[in-house]
Amino acid sequence: MKKSIYILENKAFIYRLCLIYILTSLSGLNVMGQMQTPLISNYGKEVHRGGTQNWAVTAHTDGMMYFGNNSGVLVFDGLDWDIVPLPNRTFVRSLHQEEEGPLYVGGQNEFGYFPNGQVKPEYYRSLKQLVPDEHSDFEDVWRIFDRADTTYFCTEKAVFVIHNKTCRVLSPKGDRFENFFLYQDQLCIQEIGTGLLIYKNGKLHPFFSDPWINSRRIASVLPISGGEQLILTQEGKIFRFDGK
């Protein structure tokens with residue numbers, strides 16, 4: 001009888017050891033999983049109370065985050081959300097935040113800025129009044145670039161170059177511009193059928209043209225050694241350009 005009790009007690013002891021080992025292992029795996037998996041929080045529109053789509057995102061040096069949303073500029077301080085609509089209540093397609101500078105905003109037939117850290121409706125400053133009347137129906141502002149004292153608001157119909165409270169308009173030769181990006185701190189524009197154009201000394205100049213590329217949407221141009229460039233297309237093709 002004592003022998004059977006001893007065996008049962010040993011079995012119970014072994015079961016306890018196994019249970020402790022399993023629980024400890026699972027706890028360790030959980031901790032490792034937490035260490036390896038980035039902490040991600042998802043916020044639905046029922047939380048931020050904005051529109052369904054976000055088109056752009058940027059952040060200020062003070063930690064504030066800004067999202068270009070169908071309802072306006074979504075402002076998030078890490079705890080609370082706020083919505084700042086544009087004067088014409090259109091989608092915000094693009095944002096650009098310079099360090100310790102204004103927050104530039106591109107909407108539909110509207111663009112402007114909020115002074116540094118003051119993203120409230122009463123602080124918004126529209127720049128549309130600088131645009132000539134014949135170009136006022138420019139639709140969506142898809143990209144914004146700011147270099148030195150010049151800001152570029154890029155649309156398919158035109159690019160508006162804002163400098164010292166004046167506006168220079170760059171228009172496509174054909175129907176529309178296709179894409180925009182910076183190349184060595186200079187504005188580079190793709191126009192379907194024409195190729196790549198680069199903005200220098202107040203004018204657009206031919207930069208690159210090739211039948212294989214002109215019909216494709218270019219995603220970026222990257223400089224490499226020897227003065228050559230890599231041209232990346234939206235469909236995933238890469239072309240090497242030697243400048244000739």
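Above: the structure in question.
Summarised in this report is the structure supplied together with it. (Residues numbered from 1 in each chain as written. Predicted model: local features only at pLDDT ≥ 70, side-chain atom pairs only at ≥ 80, totals over all residues. Heavy atoms only, no water.)

**A closer look at the overall build of the protein chain**
Selection rule: Each helix is a run of H or I in the DSSP string that is no shorter than four residues. Each strand is a run of E no shorter than two, and both are numbered from the N terminus. For every residue, the accessible area (1.4 Å probe, protein chains only) is compared with the maximum for its type, and the residue is labelled buried under 20%, exposed over 50%, or partly exposed between those bounds. When checking whether two residues touch, look at their non-hydrogen atoms; a contact exists if any pair is within 4.5 Å. Residue burial considers only the protein chains on display, and all accessible areas are found by Shrake-Rupley using a 1.4 Å probe.
Helices and strands together make up the secondary structure of the protein chain, namely three helices and 19 strands. For the protein chain, the proportion of its 244 residues judged to be buried stands at 36%. Taking the contacts inside the protein chain whose residues are at least 6 apart along the sequence as the reference set, 32% of them involve residues at least 24 apart. When the accessible surface of the protein chain is totalled, it reaches about 15,000 Å², and 54% of it is carbon and sulfur.

**Digging into the sheet that holds strand β1 (residues 54-59)**
For clarity, the cut-off: DSSP calls a pair of strands paired once it identifies at least 2 bridges connecting them. Under this scheme, a helix contributes an axis fitted over its contacting stretch, all axes are lines through C-alpha atoms, and angles between N-to-C directions fall in the 0 to 180 degree range.
Strand order across the open sheet formed by four strands is β1-β2-β3-β4, with antiparallel pairing between neighbours. Of all the strands in the sheet, the pair left with one neighbour each is β1 and β4 (81-84). Averaged over all adjacent pairs, the angle separating strand axes in this sheet is 20°, with direction ignored. Here strand β3 (residues 72-76) runs beside β4; their pairing, made up of four bridges, is antiparallel. Its bridge partner being in β4, valine 75 is matched across the sheet by aspartate 82.

**A look at the nonpolar core**
Soluble, globular proteins show a tendency: their nonpolar side chains are buried together. So the rule is basically this: Throughout this description, the term nonpolar core refers to a set of buried Ala, Val, Leu, Ile, Met, Phe, Trp, Tyr and Cys residues connected via side-chain atoms within 4.5 Å.
Ranked by internal contacts, the top residues of the largest apolar core, which has 13 residues, are Tyr66, Val73, Leu95, Leu103, Val105, Phe114 and Val119. Put simply, the parts of the chain that give this core at least two residues each are β3 and β6 (103-106). The contact partners of valine 119, leaving out residues within four places of it in the chain, are Tyr66, Val73, Val75, Val84, Leu103 and Phe114. The next biggest cluster of nonpolar side chains, apart from the first, holds 12 residues, and it includes Val131, Ile144, Phe153 and Ala158.

**A word on the pairing of strand β10 (residues 150-154)**
Where burial is concerned, most of β10 is hidden: five out of the five residues are buried. With burial as the criterion, each face of β10 is covered, one bearing Thr150, Tyr152 and Cys154 and the other bearing Thr151 and Phe153. With five bridges joining them, strand β9 (residues 143-147) and β10 adopt antiparallel strand pairing. Within β10, the position partnered with arginine 143 by the bridge is cysteine 154. Taking the residues that link successive antiparallel strands as the turn, the β9-β10 hairpin has two residues, and the phi of alanine 148 there is positive, at about 55°. In terms of strand pairing, β10 meets strand β11 (residues 159-163) through five bridges, oriented antiparallel. When the sheet's bridge partners are listed, threonine 151 is paired in β11 with isoleucine 162. Here β10 folds back onto β11, and the loop between the two strands holds four residues.

**Side note on the packing of aromatic side chains**
Each pair of aromatic rings is reported with the distance of its centres and the angle of its planes. We apply this condition: Aromatic rings from Phe, Tyr and Trp, with only the six-membered ring used for Trp, were paired whenever their centres fell within 6.5 Å, and each pair was classed as stacked if the ring planes differed by under 30 degrees, edge-to-face if by over 60, and tilted otherwise.
Taken as a whole, this structure holds 15 aromatic pairs when the rule is applied. Aromatic pair phenylalanine 111 and phenylalanine 138: ring centres 5.5 Å apart, planes at 50°, arrangement tilted. Taken together, the residues phenylalanine 111 in strand β7 (residues 111-114) and phenylalanine 138 in the loop between β8 (125-126) and β9 connect sequence positions 27 residues apart. Both residues of the pair, phenylalanine 111 and phenylalanine 138, belong to the buried class. An aromatic cluster is built from Tyr104, Phe111, Tyr113, Phe138, Phe153 and Phe160, whose rings are joined through pairwise contacts.

**A look at the pattern of salt bridges**
Applicable threshold: Note on definitions: salt bridges are taken to be side-chain nitrogens of Lys or Arg within 4 Å of carboxyl oxygens of Asp or Glu.
The final tally for this structure, using the stated rule, is 10 salt bridges. The residue arginine 240 makes a salt bridge to glutamate 228 at a minimum N-O spacing of 2.7 Å. With a gap of 12 residues between them, arginine 240 in strand β19 (residues 238-241) and glutamate 228 in the loop between β17 (218-223) and β18 (229-233) connect regions that are remote in the sequence. Judged by relative accessible area, which is 19%, glutamate 228 ranks as buried. Bridged by salt links that share partners, the residues Glu98, Arg147 and Asp185 form one connected network.

**A closer look at the sheet that holds β8**
Strand order in this open sheet of four strands is β5-β6-β7-β8, and the pairing throughout is antiparallel. If you trace the sheet from one side to the other, it starts and ends with β5 (94-97) and β8, each paired once. Judged from the four bridges that link them, β5 and β6 form a sheet pairing that is antiparallel. In the strand pairing of β6, leucine 95 is matched with valine 105.

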